[in-house]
Each structure stands twice: as C-alpha cells, then as structure tokens.
Amino acid sequence: MTHTITPRALVLTGYGLNCDYETDFSLELAGAEPHLVHINELLKDEKTAAAATSLEDYHILVFGGGFSWADDHGAGVLMASKLRHHLGEQIDSFIRDGKLIIGICNGFQTLVNLGLLPGFGFQYLERRVALTYNDSGNFVDAWVNLRVNSESPCVFTSGLSYMELPVRHGEGKFHAPAEEIDLLFNNSQVVLQYANDNGDVAHGQWPDNPNGSLEDIAGICDPSGKIFGLMPHPEAFNHFTNHPDWSRRKEALSRQGKAISSEEGDGVKIFRNAVEYIKNL
Amino acid sequence: MVSRLEIRLKKELMDAEGGGITLKSREYFGFEVDEIRVIRVLTIDADLTQVQLERIQTEIFTNPVTEESSYSPIARDFDWLIWIGFRPGVRDTAGSTAAEAIQDLLGIKLDSDQPVFTSKLFEIRGNLTRRQIEKIAGQILANEVIQQWKIHSKDDWRAEDGIGFPVPRVILDHEPRVRAISIQSDEELRKISRERYLALQDRDIPVIREYFSREDILKERNKFGLDLPTDVELEYISQARSDHCNHNTFRGLFRYHDILTGHRKTVDNLFRSCIEVPTLKIMEEKDWVISVLWDNAGVGRFDDENHYVITGETHNSPSNMEAYGGAITGIVGIYRDPMGTGKGSKLILGMYGYCVGQREYHGRLTPHLHPRRLLDGIIEGVRDGGNKSGIPTPFGLLVFDESYLGKCLVFVTAMGIMPARIGSESSHKKATSPGDLIVMAGGRVGKDGIHGVTAASETYSEHTPAGHVQIGDPYTQKKMHDFLVEARDEGLISFITDNGGGGLSSSVGESARFSNGCRVALDRVPLKYDGLDQWEIWVSESQERMTIAVKPENLDRFMTLSDKHAVESTVIGEYNDSGYLHLEYEDKTCAYIRMDLLKSDFPQWEFDAEWTSPELRGLTEPVFGEPRHHGALLRAILSRPNVCARNWIARQYDHEVQGGSVIKPLIGKKRDMPTDAAVIRPILSSTRGIAVSQALNPHYSEIDTYNMTAATIDEAVRRTLSVGGDPNHLGGVDNFCWPTIEYHPNKNPDGKYKAAQLVRANWALRDYCLGYGIPLLSGKDSMYIDGNLEGPFGERLKVSGLPTLLFTVCSVVEDITSCVTMDAKFPGDLVYVIGETKDELGASEFYQMLGSKGLHVPSVSVEELWPQYLALHKAICEGLVSSCHTVSRGGLGVHLALVAMAGELGMEINLPCVQTAQELSVTQVLYSESCGRFVVTIAPEKKDGFERIFSGMKLGRVGVVTESPLFCIRDAGGETIIEENQNELKDCWKRPFGELI
C-alpha cells in the first residue's frame, strides 16, 4: 500500500449497539475514512445471496459499545455467535491480511466471545478469557486512570504510557484462569491496567479498579498487537471538554496566561495510532 | 418436545446478582442469608436433535470460562430454591433474542412465535423459614403482576424432575367479536361506562348519546351495517375524551374565591390563559422558538442546521404499583415523544426526577411498596431504560417527603435533535394527506396496558396474559429509533407519532385529523397472540410502537430499511379525507365515527377554587433564639435526606454515551458534587452546546403554590445560567403533579383549596414565564397524586402528595469552552454572593428541621433579579468567573459549604458582607432560601472588572477561598461562629447514603 491512502474504518451498528456516532467522529479526527455499517449489511441477503458491504474493503474494523441483542445472555455473546456464524471466514482473512480490529466495551466482550482475543498462538477461535459482572453488581459510569504497557505489541497504544478514559458497563470484570493470565503477561498482551492517581496499578482497589477485574486488567491485545479490546471508551474522550477536570485545567492555564493547547481529546490518539499504522504499511 | 437448559456461574466466581439480593434481604427485612446464587433457565419448546441441543449449549449459551450448564437440573446443596418466570404475555426479550440466535446458528426456522422462554432459579443458603423465603420471593425477586414464582425446600425438591418445563405461552380461547351496545338512557351509558372502565364524564354522556341518535349519523352508519354504537367506538371516544389526552382539568372553568379578601374571579381555561397565550406572545419576540403547543414535543433552534426537541412527563401510578416496570416504561416511553416530533428526531439526552417517601420510613402507614424498595426499583428501571437506549442521562433530582407515600412521582424528560430541513422540507412540520399509508412500526400488539383488564380477575389462570402492566423494552425501541432516523433522512416519513396512552386509537385518531379521515383494517395489525377483541387491538398500549404516514411511492424503500434494521413494520390502513374514522375487521365495519365528533363542544369541566391565605390558615413565623452551636447545625442540615449526597444514583446512569459530555452530573476535584446543570455537545463537530437543568421545590406549596412555582422557575433559570446558559434563550417545560381538585364533601373535602392552589400556581407560571421570557416548549399535567394507605388498625387514610411542579429550563451555549462549574478552584480566589438575602425561611430546610412551617416563603421579583442575571452572563462570557453556583434548598450556609467541598478547599466568610434586605440574624442569613442568589468565586486580579459589571446591583464580596481545609464564617462582631474542616463536612454530607452503590 502507498503512503497516500486514507485508511477506511468500518464501525458496526444495529441490534442495540450505540457509541457509533462518537466512534465515527473520533476516527474522522484521527484521519480515517469511517463508515457506519449495519451488521445486516455485511450478511448475505436471502434473495440476492449477496451482501451490501464486505469487510475486505476496509482496513480497520471497530466493534463499538452498546448492548448488542440486549446482552441478556452475557454481554456480546449473541453478537459473537452471529458474526462467527456468518462472517467467520471474512474476519479470519481480515486478520490474515494484517488489518486492525478494535473492540470497545461491548465490542471487547464480543471479541473475547468470538475468540479473537486473546488469540494465543494466533488461534482465533477459543473463548479463553471472559468479561463478567462487576463485583459491585451494578452498572458504573466513572473516569478511570489507565497504565499503558509500553512493552505490549499493541498497535493502538504505541507511544502511550498513561491515559484517563471513562468506563460505562455492568459486565467489565476481566476474568480468566491464573495460567491464562500469566500467559497474557508473559506475552505482554496486557495493554491497559486500572491505576490510581499516582499511576500505579490499582491492586483491585475500588473505585480505581471499578469492576474487580483480575490484575486490574482493562484491555488486552492479541500476540500480533493488531487486535485490541478494552472496556474504557476512547471515543468518549474526543474533545478536551469531555474530561471531568477540564474546567479546572482551563482555569489553571488561564492563571498562567495560557490557553488549552489542543481541543482534541486524548482518546483520539488510540484511533490515530491505528490510522498511522495503516498509512505506514 | 420441550428441553430446559440451566446455566450458572462457576463456583469460584462471585455471583454479584445473588450478592445484591443477599444485601437487599438484609437491608429490607434484616434476614441473615448466607449465600444466594443464580441459575439462568432457558425453556426451549422446539423439536431439536441431541446434536443441535449440544451445539446451542456450547456454542452460544455457555461461556466455558465462567459458566457451566446442563439440560438436567443443576441446583445443589441449597436450603431453599426459588423459581421466577414471566407470566404469559409479558415481553420476554431474552427469550426472543435466544430464539433468534438458535435459529441463526442452526439455520432452521422454528414454527412457533415464541419458542424460547427465560426464567431464573435462585439457590438460597441460610437458616430461613418458608415465610422469610416467601417474602424474598414475593417482595425482592418477583413482581407478581408480571411474574410467577415457586418455592422448593431442600426436602420437597426432586432433583430428577427439577422445576419441570415452564412454557408460559398465551392461549386465549376466544373468538374476537364486536359488540353493539344499547345506550337508551344516560343512566344506561353511565352503567356501561362503569362496567367497561370507560371513565366517561357524566357531562359527556348526553353529547355522546345525542351523536349516536342523530338521523343523519344513523343513515350514514346503516350504510356500513352499523346501528347501535359498538364497543370499539365507545372505547375510542372514552380514550379521546380522557383527561390524559385532553387536559380537561387545565382547560376547565375555575370559580376562584379568595376568602380573606372576598375577591372572586372566574378563570376560563388555565391552559389557554397561563400557557398558550404567554408562550405565543414570547414566540413573537424569540425567533429561536420553532414549534410549540401542538406536537409531541417542543422545538427550538440549536444552530442554522439543527433544531433541538424537548419534552417531559410523569409515570407515577404504574411506578407506584410496580417500581421497576413503571419507571423503565416511563423513560422508554418519553423517548418516543421526540422520535414522534416533526418528522422525527434523534435522542440526545434524558433526565429524571423522583419524589418518594423517606427511604427510612418507619411511620404508621403501610404504602403499597416501602419507599426504599420503591426508590431502588425506580432507579434501576430508569437506569436500564436509559443506558440500553444509548442515551446519556446527565441530570436528575430526588425529593423525599412523607406526602409521596400515597403515590410516588417519577418525572422523565427527553431531548432530541433534528436537522432543520430534510431535502426541501422543514423537519418540524408534518401532516397526513389523503392516500398516505398508515404504517405501524416496532413491537406487536397484546393486551398490554388495556384498562379494565384487572389483576384480580385474570392474574392466576395459567395462560391469561398479564394485561394491565407494560414493561418497556429499550432494545426493540433502539432498533426502531435507528431505523426511523435513517428513514427520516431519506425523506420517507410524511408524519410520525408514537403509540402511548390510547395506543392506535389516539395515534391514528389524532393523525387522521390532518387528512380528515382514515380507514384502518384492524385484522392487519400484527398481534403477539391470537384472540384479542377488535376494541383491544384499537386501544392496546403495547409499547415500542410508532405510527407513520408513508406515501405509497416511498413504501418499498421504507420497508427495505425496516428489514435492514430488523424492525417489523406493517401497513394497517390509509389516510383519506372522508371526514370519518373508519375501522374494519375482516372487511366488516366495526367503527364509523365523524372526525369532528371530538371537536364538537363537550361541556367544560368546572371547579370551585377557594383560596385560604397562609395567614388565614394560622401560619406564623416560629419563635427561636440563636443556636449556640452553628457548626453542629450546619453539619446536621448537610446530612438531611433532601440536602445530602445521592451520588449513587448518578453513577449508575451512563452520562457519557454519544461522546458529547461537557458538564457531568458529578463534578469538582473529587467528582463527587452535584452540578447545577448539565451541558452537552450534541453535534460533535461544533462547540455549541445545550445547557439544561431542572428544579423541584414542593415544600413551598405548604405556604403558597404561587411562590412555589415562582421559586421553582427561578431556580431552574439560575441553575442553567450558572453554567453559562444564555438568558436570551431559555426554553421551559412545565410538569405539574397535583392532588385531586374535584371537591367532594367526604372523599375530597379540601378539593376547593387544592383547586385554588392549582390556579395560583398557573398564575405564577404565566407571570414568571412572561417575566423571564420563557416559552413553554412542552409540558404535561398529571393529576390525582393521592393514595389511600392502610394504618395499623386496618383503617385507610388518604394521603395527598404536595402540589408539585418540576420545571425544566434548557438553553443554547454559544461556546462550551466558556462554561463554568460550581467548584471553588484556587486558594486566594474571592468569594461573592450575588443577590439579596431576605427574611424568607418559610418552608425552608431549616424550619423543617425545627418542625415548623413558618410564613415568609421566598418570593421572586423579576425586575430586581433580571439585570443581575444579565450581568452574570456577561461576566461568564468575559471569562471573569472561576466558579458559579446556584443558592437553593438549604440556603447560603449549605451552598457556600458545597462550593468549598467541591474544590476541597477552605473558605473565610465574613457574614455581614452578604447583602441583606433588612436586619437579619446570623441564622437567617445562613439558612434563608431567598431566590435570585449565586455564589461566585473569581481570581483576585479580575476583581475590578467583575465588580464593574455588577455596579449598582446586589453584590457582596463575602470572603476568600483558602488553602487550609477550614470552612470559617465570622459574624458582625468578627467572632468565628463556624470553623469546620471541609473534609468532615463532606463526610456528614455523604454519610446518609454513603453505603449505596
């Protein structure tokens, strides 16, 4: 591919998904050409036996947040079943072509149910880890501190060491058997961990760790770093006024005669990394 | 063959749902439960092979990491087992998505409409009695109106049988039939009205009879084989004439009499004189007002390309009966109003207001649900309804008062956004024309919400539907929402409205007025199950449905999009200009009514309204000396239920979705202080924003509802201004909740007084909307907030809710980056109080704590306050303001403290610097609830510029923000009367509900 291309991103919509509007906006800020595509547009039409849209036309596949199929049988479970069944091969070749996949919140839940994560040994079928009910038993909306693992091969977080993003979920507790978690750490597949105000990992402490995730895990990638899933919402930090402290920071700067340097929110960096990666292929 | 799959979390995993129930069992009833674990049950009524069953078990319904499952019973080592399942006809979303997934995976089509049913098993461990288990089952787990339950003890449990194979399918062995009804006399029609729960007004009855006996009408009817009115027709008329659809109370005639002055006044139609006329007048002056007073919601201009849409309503009675179901149906329902406004809008925001009895109520009365359980259920209902709709919920209010034991209030408010134009057409305009097709989209029709289907008669027979309750389904509605927005943008929608109260009868009936007629084939309406009578199809309130007018040439494209979004849409008829509403069933006419019948002059409702002034009621100011422990007093007020932190509610509501959150529900250094108002950025590519806030001050009604209304409007205005809202763009929404105002010597002896309270509230609404230039973009009134509660001796006591107004003010913010939050930001900043403090502690939080009402309720002078509001806006726009906060319930003492606590900083306050109207005691200055006031902090170097803007106005520089955590207040003598660590104040403020998550 040449350097001049504009990476095309596909944002899934429909069946109770949401967050598509701000995800689309963030991708655009990041320099991608995003398209909102209803899941059914990827499926073969019964009459014509053809699909309106194909994954191969895209470089970045985004599984966004929401409540796919109402999530009553486990978050992301029915969506994973549907996609595996109808798009399994398309997704496999999408991965083989070295393209990028990101799953946010419900999308992360879908990726682990699809088996695309953690994808140990590049096997993308098995469910080896899970996202289950928050220890609090309740949905929570809160901004969290995130420690970014600079060792991880994750394409989306390259150059990042710390982030603040909102979590909004009732089923975000990362759970896996100890040996799987060891494997994740040994392969540097743990990308994001919930942290405290000092940037140290939360050690399970609520509210720094908002859901009881084992080892404070908030996001993981596959061994290649091209498939990334996270519970926090980078697309919800697309403008500096999204941050809970923005009015305090702005005031602090104005006392020093300064203004906010960039209006863009830090969450966009994750999408820009993806865009840059594709451009530089 | 029926199979049953049981799924549970693996032993080593914490069962959060079970944990929650264990907690509630302790909280509500003091039961000591060791452990509760949940088993999900799928009953599959389909002939599947062993292989197929194993595939769906392993490939879909069992997570190998966290779950285990089996087709035979897996409950083990429990003391008690509770099974909870839906009653027939109750929407089982999980069942239908499971069926969808099974058919998709196996590539088969299951014949039955509802092949999969979900239910739950609860394994309970602990030493509990059957009666305790019944209490947990009936009062925490199950909602008897929509669910059925069974209890098994470990002794009577037969593991080989388990729970059997519950298949709660609706089977109505009933042949739909239209009945002709004889109405020879008024008495006969009155009797029918009673028997059929038509709730026809006595004064309407002659008008209705006269219509059906007219020669010309009869001749027309005979052409279609009709003679006597049919049940369909009477149901239609009763719906259309109901107070809900017609606002008969607000449009009534009030004979107002002030007993003290002897002044008498006849008020004809409160709606017209206090809402319509002022709003139209303001509309002439404000070009941003786009559409008001006729549609499902009001429309205002956001920018040149977009309009915003706003409306609000209540869902009190259903929530009072079944908190979760009522509340989720309320929030999901209000979201359909913006969807059905103009040619449809996209939802961008939701808000809530709850009025309930004290969470810790231990009084003598027994409400239907204890406030604690009621509030939990309401909170959870709005949480699921809002979050699963993908709509942010960034603001809400909660008021505790014993008077709401009779009936809780659940206010829900929704905002949407629409492009100003669709193609060449204005998006806020809509009409039906002859030839347009009538399309019903969304859910199917069942017996849901049909009046008269009572629990008593049908609840317990095995296959009869839970007719009288509805449970909102945000998933189905979200799909429909996405579909309709796309259809709108392609110009496929000529007219759209929602199916709420009255179902098709009101959505089709009202939309047909534009074309002046319609013909509907009721047999084409898709049903959840067979056996509904024609009238039931017509008035059913099954949720998640919209009625849309589609031009024939657009139908194919409309249906294609409907398929794409997996939404069911059906053509059920056609609009025409026949002048008649014409309903058919299998080609036989079952209703034929002139469109103008409902326009014909039904008699106006009439009320006697007798105002007994506060003085005449013997209200006086309490006599009290100055407290010696002001610090302790402040701490006490901060920890009162209506002042303290209720952060646990906001945290469960997604307020970030859609990516436009600017000012969040909880703000400040530790993000734990309630904001004055919410600000969102609905169009992400623009830095324009919407600021919106609400106020509730029902306690002032105990003195005078005129002042209550004035203070509530003023507070909502100030809240919106304090974050940076534009005083020249203030859109209002009025939501009244009032006790019954019809006088009855025994049933409602103070009805005349309550009627006068309503008149006075409306006068204030008129005066202050005109004063502040607030058009009422939307509004709803909900009467009858009374309940009859049982006392300890089996006696029943009528409890009427305080006359309550929830007032919403929305504004457009030019540049969100100039918005201001309420937290003190830097040590050394100057603290100001804008506005004058008066001897106005009547019905204040402080007096309430003393156990007295008082007399001097806050009053509002627009002339005095408006210039200060304009000045504040100027100061904010010029970037002079570091923090700004509205002084409301609790007074200056409380709100100065909140500003300090939000910034985790101290304050040095010199009380005499507060501008006062007269000589006031320290306590009066600290706890008066005078309107029009703000607490503002600014950087010292901005002092001159700031004070210049306010020159000649009521502005007091009252102190400074300090690094030290001490919150200090000095009196005139320079003596420190309060010196409290703000961290400790915050603890007091957080403690009451601190445990709740």
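Residues numbered from 1 in each chain as written. Chains lettered and ligands numbered in written order. Predicted model: local features only at pLDDT ≥ 70, side-chain atom pairs only at ≥ 80, totals over all residues.

1. Some points on the overall build of chain B
Here's step 1: On a plain count of helices and strands, chain B comes out with 28 helices and 41 strands.
Here's step 2: Taken over C-alpha atoms, the radius of gyration comes to 29 Å for chain B, in line with the 30 Å a tight globule of 997 residues would show.
Here's step 3: Structurally, chain B occupies a C-alpha span of about 85 × 75 × 65 Å along its principal axes.
Here's step 4: Burial statistics for chain B: of 997 residues in total, 55% are counted as buried.
Here's step 5: A separation threshold of at least 6 residues defines the contact pool for chain B, and within that pool the share at least 24 residues apart is 81%. (Helix = DSSP H or I, 4+ residues; strand = E, 2+ residues; numbered from the N terminus. Rg over C-alpha atoms; globule rule 2.2 N^0.38 Å. Buried ≥ 20, exposed ≤ 12 C-beta atoms within 10 Å, placed from the backbone. Contact = placed C-beta atoms within 7 Å.)

2. A word on the overall build of chain A
Here's step 1: If you tally the helices and strands in chain A, you get seven helices and eleven strands.
Here's step 2: Relative to its length of 281 residues, chain A is compact, with a C-alpha radius of gyration of 18 Å against a globular reference of 19 Å.
Here's step 3: Reported as C-alpha extents along the three principal axes, the dimensions of chain A are approximately 65 × 45 × 35 Å.
Here's step 4: Residue burial in chain A is summarised as follows: out of 281 residues, 62% are buried.

3. Description of the confidence of the model for chain B
Residues and elements named next belong to chain B.
Here's step 1: Averaged over all residues, the pLDDT of chain B equals 94, while 98% of them reach at least 70.
Here's step 2: Low pLDDT (under 50) marks residues 452-462, which in the prediction has eleven contacts with non-local residues, meaning those over four places away or in another chain.
Here's step 3: The complex model carries a pTM of 0.96, and its ipTM stands at 0.97. (pLDDT = per-residue confidence, 0-100.)

4. What about helix H2 (residues 50-61) of chain B?
Here's step 1: For H2 of chain B, which comprises twelve residues, the first-to-last C-alpha distance of 15 Å matches the rise-based estimate of 16 Å (1.5 Å per residue) to within 8%.
Here's step 2: When we look at burial in H2 of chain B, the residues that qualify are Ile56, Ile60 and Phe61 of chain B. In an axial view of H2 of chain B, the angular spread of the buried residues amounts to 65°, which keeps them on one side of the axis. Exposed and oriented more than 90 degrees from the buried face of H2 of chain B are Gln50, Val51, Glu54 and Thr58 of chain B.
Here's step 3: Buried residues along H2 of chain B sit against helix H3 (77-96) of chain A together with strand S1 (2-9), strand S2 (35-45), strand S3 (67-70) and helix H3 (93-106) of chain B. (Expected span 1.5 Å × (residues − 1). Arc of directions from axis to C-beta.)

5. Notes on the environment of Val539 of chain B
Residues and elements named next belong to chain B.
Here's step 1: Following the sequence through the fold, Val539 ends up in helix H17 (residues 534-539).
Here's step 2: Taking the C-alpha atoms as reference points, Val539 and Tyr236, 303 residues apart in sequence, are found 7.2 Å from one another.
Here's step 3: Ignoring any residue separated from it by four or fewer positions in sequence, one finds Val539 in contact with Glu235, Gln239, Ile450, Gly502, Gly503 and Ser505.

6. Some remarks on the interface of chain A and chain B
Here's step 1: Opposite the 56 residues of chain A that make contact, chain B presents 58 residues.
Here's step 2: Among the secondary structure elements, those contributing two or more residues to the side of chain A that touches chain B are helix H1 (20-29), helix H2 (39-42), H3, strand S5 (130-132), strand S6 (140-148), strand S7 (162-169) and helix H6 (246-255) of chain A.
Here's step 3: Split by residue class, the side of chain A that touches chain B holds 19 nonpolar, 24 polar and 13 charged. (Nonpolar A, V, L, I, M, F, W, Y, C, P; charged D, E, K, R; others polar.)

7. What to know about H3 of chain A
Here's step 1: Between the first and last C-alpha of H3 of chain A there are merely 24 Å, a value that for 20 residues lags more than 12% behind the 28 Å anticipated at 1.5 Å per step.
Here's step 2: Where H3 of chain A is buried, its residues touch H2, strand S3 (60-63), helix H4 (106-114) and strand S11 (227-230) of chain A together with H2 and H3 of chain B.
Here's step 3: In the stretch just after H3 of chain A, Gly98 of chain A is the one whose phi turns positive, near 75°.

8. Some thoughts on unusual backbone geometry
Negative phi characterises most residues that are not glycine, and trans characterises most peptide bonds.
Here's step 1: Here the amide bond leading from Leu117 of chain A into Pro118 of chain A is cis, since omega sits at 0°, within 30 degrees of zero.
Here's step 2: Along the polypeptide, Pro118 of chain A turns up in the loop between H4 and S5.
Here's step 3: Following Trp206 of chain A, the chain continues into Pro207 of chain A via a peptide bond in cis, with omega recorded as 5°.
Here's step 4: With respect to the element layout, Pro207 of chain A can be found in the loop between strand S9 (190-195) and strand S10 (217-221).
Here's step 5: One non-glycine residue, Arg671 of chain B, adopts positive backbone phi at about 50°.
Here's step 6: Within the secondary structure layout, Arg671 of chain B lies in the loop between strand S26 (666-667) and strand S27 (673-674).
Here's step 7: The exposure class assigned to Arg671 of chain B is partly exposed, which follows from the 18 C-beta atoms found within 10 Å.

9. Re the environment of Gly126 of chain B
Residue and element names in this part refer to chain B.
Here's step 1: The residue Gly126 is located in the loop between strand S5 (116-125) and helix H4 (130-141) in this model.
Here's step 2: Considering only alpha carbons, one finds Gly126 and Trp80, 46 residues apart in sequence, at a separation of 8.3 Å.
Here's step 3: Residues contacting Gly126, with those up to four places away along its chain left out, are Glu32, Val33, Asp34 and Asp79.

10. Considering the sheet that holds strand S17 (residues 437-442) of chain B
Strand pairing in a sheet takes place through backbone hydrogen bonds and is either antiparallel or parallel in direction.
Residues and elements named next belong to chain B.
Here's step 1: Here we have seven strands laid out as an open sheet, ordered S18-S20-S17-S21-S19-S22-S23, and mixed in their pairing. Bordering the open sheet on either side are strand S18 (495-498) and strand S23 (588-594), each of which pairs with just one other strand. The sheet shows a mean angle of 20° between the axes of neighbouring strands, taken without regard to direction.
Here's step 2: Across the sheet, helix H8 (residues 231-241) lies against strand S22 (580-585) and S23, angled at about 35° from S23, the strand it touches most. (Pairing = 2+ DSSP bridges. Axes fitted to C-alpha atoms, helices over the stretch in contact; angles between N-to-C directions.)

11. Comments concerning the sheet that holds strand S36 (residues 883-886) of chain B
All names here are of chain B.
Here's step 1: Taking strand neighbours across the sheet as the criterion, the seven strands line up as S36-S38-S35-S39-S37-S40-S41 in an open arrangement whose pairing is mixed. Two strands lie at the open edges of the sheet, namely S36 and strand S41 (976-981), each paired on one side alone. Taking the axes of each pair of neighbouring strands and ignoring which way they run, one obtains an average angle of 20° across the sheet.
Here's step 2: Sheet analysis places strand S40 (residues 966-970) next to S41, joined by five bridges and oriented antiparallel. Of the residues in S41, the one forming a bridge with Arg970 is Thr976.
Here's step 3: Here helix H28 (residues 982-990) sits on the sheet and contacts strand S37 (906-910), S40 and S41; the angle it forms with S41, its principal contact strand, is near 75°.

12. Concerning the packing of helix H19 (residues 630-638) of chain B against helix H25 (residues 891-903) of chain B
Residues and elements named next belong to chain B.
Here's step 1: Interhelical geometry of H19 versus H25 gives an angle of 80° and a closest axis separation of 10 Å. One way to sum up the angle between H19 and H25 is to call them roughly perpendicular. Within the contact between the two elements, H19 uses Leu634, Ile637 and Leu638 and H25 uses Gly893, Val894 and Ala897.
Here's step 2: Here the contact of H19 with H25 is composed, by residue class, of five nonpolar, one polar and no charged. (Parallel < 35°, antiparallel > 145°, perpendicular 65-115°, else oblique.)

13. Examining the packing of helix H15 (residues 474-489) of chain B against helix H18 (residues 555-564) of chain B
All names here are of chain B.
Here's step 1: Taken N-terminus to C-terminus, the directions of H15 and H18 make an angle of 150°; their axes are 9 Å apart at the nearest point. The pairing of H15 with H18 is recorded here as roughly antiparallel in orientation. Seen from above, H15 lies across H18 with right-handed handedness. Listed contacts from H18 to Phe483, Glu486 and Ala487 of H15 are Phe558, Leu561 and Ser562.
Here's step 2: A breakdown of the residues in the contact of H15 with H18 according to their chemical character gives four nonpolar, one polar and one charged. (Left-handed = near helix turned anticlockwise from the far one by under 90°.)

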